[in-house]
Amino acid sequence: MTINRELFDQVMVPNYAPSAVIPVKGEGSRVWDQEGREYVDFAGGIAVNCLGHCHPALVSALKEQGEKLWHLSNVMTNEPALRLAKKLVDATFADKVYFANSGAEANEAALKLARRFALDNYGEQKSQIISFNKGFHGRTFFTVTVGGQAAYSDGFGPKPGDIVHSDYNDLAAFEALISDKTCAVMMEPLQGEGGIVSPDADFVKGVRDLCTKHNALLIFDEVQTGVGRTGELYAYQGLGVTPDILTTAKALGGGFPIGAMITTNEIAQHLKVGTHGSTYGGNPLACAVAEAALDTVNTPEVLAGVKAKEALFRELLSAINDKYKVFSEIRGKGLLLGGVVAQQYKGRAKDFLVAGIKEGVMSLVAGADVVRFTPSLVIPEADIREGMARFEKAVASVVANNA
Ligand SMILES: *Cc1c(COP(=O)(O)O)cnc(C)c1O
């Protein structure tokens with residue numbers, strides 16, 4: 001069998017348009033394709049591979065658990081799930097954990113819990129969910145409808161109801177929308193897919209206060225920002241605002257699929273036996289790997305390292321930009337950074353990604369106008385420098401083609 005990009009078009013549903021390159025091996029922040037070409041990885045599997053590829057602690061956790069026990073379902077609990085839950089509880093505001101397999105599923109659980117909490121405590125009229133334009137919360141029908149891009153939720157028939165959207169960082173508009181009928185507010189504490197947009201300090205605090213005033217639960221979607229990405233274990237810890245429910249996925253498993261919803265005792269008790277579930281949620285392999293990832297990331301050295309690496313990324317990216325003027329702004333926090341393309345490249349962020357692959361560096365976009373970088377949290381300085389040298393060549397080629 002010839003395994004190449006053409007095979008994708010033959011056998012895969014056409015909802016993705018992957019690059020022609022097929023990676024076959026990774027180590028740290030380097031990846032090799034079928035032809036043996038090597039790449040510096042600034043994409044990290046979309047903010048997933050928080051410790052790069054094949055980190056020894058993760059490989060050994062996977063191997064060890066792989067020889068012990070793979071799956072039970074939630075008919076029985078298991079040791080890795082309990083250990084991971086205890087560590088998540090100890091490291092955050094939360095008392096209780098629900099495991100899922102992805103970000104969307106963690107958010108689905110959060111939204112269903114919020115609806116149930118409001119129904120039990122206040123009655124049917126309190127069902128409104130407020131979220132933010134350009135927000136991203138996953139692709140199940142509930143989460144994609146809560147997400148702030150109608151283009152992703154349109155065209156699938158009737159949507160889940162009583163969901164409204166407000167502009168991010170517009171506290172006055174949000175205040176006009178929220179009421180005692182609001183059940184929950186779902187937001188990213190730094191919009192990722194929507195273009196790497198940080199919240200204003202007054203905005204997050206204001207949202208928190210208004211949620212409290214109207215008895216609405218504040219749900220932080222930390223699927224992308226969680227597990228060290230912004231230099232804190234969770235971004236809320238750097239904002240001085242505590243949510244009622246938090247969801248985490250992507251980096252949580254360091255590349256192994258897992259998601260989690262965490263919350264307080266008071267709220268958690270409303271997901272009674274039988275109200276919600278998942279066959280794979282809390283799978284021992286996933287939880288064993290996630291435990292190793294969390295242990296490795298949740299240290300002062302790694303978290304401080306994220307801030308140091310952010311500074312180097314910004315310095316090198318700014319130096320490229322001083323020369324080529326391709327970005328109007330470099331923004332984000334920790335190792336969740338975005339370069340907003342300048343006016344003459346509007347809508348063409350992907351050109352930089354494509355040119356990067358040719359030069360041997362993997363990056364991402366966040367919408368049509370932002371080039372996104374979400375590398376490993378432990379990427380060595382030498383790899384940052386080498387990757388940025390390659391990215392400069394990519395920028396030069398996009399600029400040359402634009403001339
Ligand atoms: C990626 C992402 C999701 C969806 O996660 P999946 O694992 O793809 O379901 C949800 N919320 C945010 C903020 C994300 O970045």
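What counts, and where the lines are drawn
- Residues numbered from 1 in each chain as written.
- Predicted model: local features only at pLDDT ≥ 70, side-chain atom pairs only at ≥ 80, totals over all residues.
- Helix = DSSP H or I, 4+ residues; strand = E, 2+ residues; numbered from the N terminus.
- Rg over C-alpha atoms; globule rule 2.2 N^0.38 Å.
- Buried ≥ 20, exposed ≤ 12 C-beta atoms within 10 Å, placed from the backbone.
- UniProt positions renumbered as here; feature names shortened; annotations may be inferred.
- Contact = placed C-beta atoms within 7 Å.
- Domains from an automatic or database assignment.
- Pairing = 2+ DSSP bridges.
- Axes fitted to C-alpha atoms, helices over the stretch in contact; angles between N-to-C directions.
- Parallel < 35°, antiparallel > 145°, perpendicular 65-115°, else oblique.
- Left-handed = near helix turned anticlockwise from the far one by under 90°.
- Expected span 1.5 Å × (residues − 1).
- Core = buried A, V, L, I, M, F, W, Y, C linked by C-beta atoms within 7 Å.

Peer 1: Tell me what's going on with the overall build of the protein chain, and back it up with residues and numbers.
Peer 2: For the protein chain, the helix and strand inventory stands at 14 helices and 15 strands. Expected size for 403 residues packed as a compact globule is a radius of gyration near 22 Å; at 21 Å, the protein chain falls within 12% of this value. Across its three principal directions, the C-alpha atoms of the protein chain cover 60 × 55 × 45 Å. Taking all 403 residues of the protein chain together, 51% fall into the buried category.

Peer 1: Please set out the UniProt feature "binding site: N(2)-acetyl-L-ornithine" (unreviewed entry) in the protein chain residue by residue, giving values where relevant.
Peer 2: The sites that carry the UniProt feature "binding site: N(2)-acetyl-L-ornithine" (unreviewed entry) are, in the present numbering, Arg139 and Ser278. Inspection of the secondary structure assignment puts arginine 139 in the loop between β5 (128-132) and α6 (141-146). Among all residues touching arginine 139, those that are not within four sequence positions of it are Ala104 and Val144. When you line up the elements, serine 278 lands in the loop between α10 (265-268) and α11 (284-297).

Peer 1: Describe unusual backbone geometry, naming the residues involved and giving the relevant values.
Peer 2: Residues other than glycine seldom take positive phi values, yet serine 73 does so here, at roughly 75 degrees. Mapped onto the fold, serine 73 is located in the loop between α3 (56-66) and α4 (79-91). Judged by C-beta crowding, with 13 C-beta atoms within 10 Å, serine 73 ranks as partly exposed.

Peer 1: Any details on the domain arrangement of the protein chain? Residues and values, ideally.
Peer 2: Bring the parts together and some accessible area is lost; that lost area is often taken as the interface size. According to the domain assignment, the protein chain consists of domain 1 (5-54 + 300-402) and domain 2 (57-297). The gap between the C-alpha centroids of domain 1 and domain 2 is 26 Å. Listing elements by their share of the side of domain 1 that touches domain 2, those giving two or more residues are α2 (44-47), α12 (300-324), β11 (327-333), β12 (336-341) and β15 (370-373). Considering each element in turn, the side of domain 1 that touches domain 2 owes the most residues, five residues, to α12.

Peer 1: How would you explain the environment of histidine 55 if you had to name every residue and give the values?
Peer 2: When you line up the elements, histidine 55 lands in the loop between α2 and α3. Judged by the 22 C-beta atoms lying within 10 Å of it, histidine 55 falls in the buried class. Separated by 59 residues in sequence, histidine 55 and alanine 114 have C-alpha atoms that sit 36 Å apart.

Peer 1: How would you sum up the pairing of strand β1 (residues 23-27)? Please name residues and give values.
Peer 2: Where β1 and strand β2 (residues 30-33) come together, four bridges link them in antiparallel fashion. Bridging from a neighbouring strand, lysine 25 pairs with tryptophan 32 of β2. Taking the residues that link successive antiparallel strands as the turn, the β1-β2 hairpin has two residues, and the phi of glycine 28 there is positive, at about 60 degrees.

Peer 1: Explain the packing of α3 against α11 to me, and be specific about the residues and the numbers.
Peer 2: It is at 9 Å that the axes of α3 and α11 come closest, and there the two elements cross at 150 degrees. The angle between α3 and α11 places the two elements in the roughly antiparallel class. Note on packing geometry: the crossing formed by α3 with α11 is right-handed. Facing Ala57, Leu58, Ala61, Leu62, Gln65 and Gly66 of α3, the residues of α11 in contact are Pro284, Leu285, Ala288, Val289, Glu291, Ala292, Ala293 and Thr296.

Peer 1: If you had to explain the UniProt feature "binding site: pyridoxal 5'-phosphate" (unreviewed entry) in the protein chain to someone new, which residues and values would you point to?
Peer 2: On the UniProt side, "binding site: pyridoxal 5'-phosphate" (unreviewed entry) is annotated at positions that read Gly103, Ala104, Phe136, Asp221, Glu222, Val223, Gln224 and Thr279 here. These annotated residues cover 177 residues of sequence, and their C-alpha atoms reach 24.9 Å apart at the extremes, leaving them scattered rather than at a single site. Note on placement: glycine 103 falls in helix α5 (residues 103-122). For glycine 103, a count of 29 C-beta atoms within 10 Å corresponds to the buried category. Once you skip the residues sitting within four places of it in the chain, glycine 103 turns out to touch Gly138, Val223, Thr247, Ala249, Lys250 and Gly259. Along the chain, aspartate 221 turns up in strand β8 (residues 217-221). On the neighbour-count criterion, aspartate 221 (31 C-beta atoms within 10 Å) is buried. Leave out the neighbours within four places in its chain, and aspartate 221 touches Asn107, His137, Met186, Met187, Glu188 and Thr247.

Peer 1: Explain helix α9 (residues 201-213) to me, and be specific about the residues and the numbers.
Peer 2: Here α9 is 13 residues long and its end C-alpha atoms lie 18 Å apart, about the 18 Å a rise of 1.5 Å per residue gives. For α9, the full list of buried residues reads Val204, Val207, Arg208, Leu210 and Cys211. Contacts from the buried residues of α9 go to α8 (171-177), β7 (182-187) and β8. Count one or two residues on from α9 and you reach asparagine 215, which has phi positive near 55 degrees.

Peer 1: Could you give an account of the packing of α4 against α11, with specific residues and numbers?
Peer 2: Between two packed helices, the angle of one axis relative to the other and the distance separating the axes together describe the packing. Closest axis-to-axis distance for the α4/α11 pair is 8 Å, and the angle between their directions is 35 degrees. Crossing of α4 against α11: the hand is left-handed. Here α4 contributes Pro80, Ala81, Arg83, Leu84 and Lys87 to the contact with α11, which in turn contributes Pro284, Cys287, Ala288, Ala290, Glu291 and Leu294.

Peer 1: Got a sec to walk through the nonpolar core? Specific residues and values, please.
Peer 2: If you look at the biggest cluster of nonpolar residues, it comprises 114 residues, and the most contacted ones within it are Ala114, Ala260 and Ala293. If you tally residues by element for this core, the top one is α11, at 10 residues. Here this core spans two domains, since at least three of its residues come from each of domain 1 (5-54 + 300-402) and domain 2 (57-297). Excluding anything up to four places from it in sequence, alanine 293 contacts Cys50, Leu51, Leu58, Val227, Leu252, Gly253 and Gly254.

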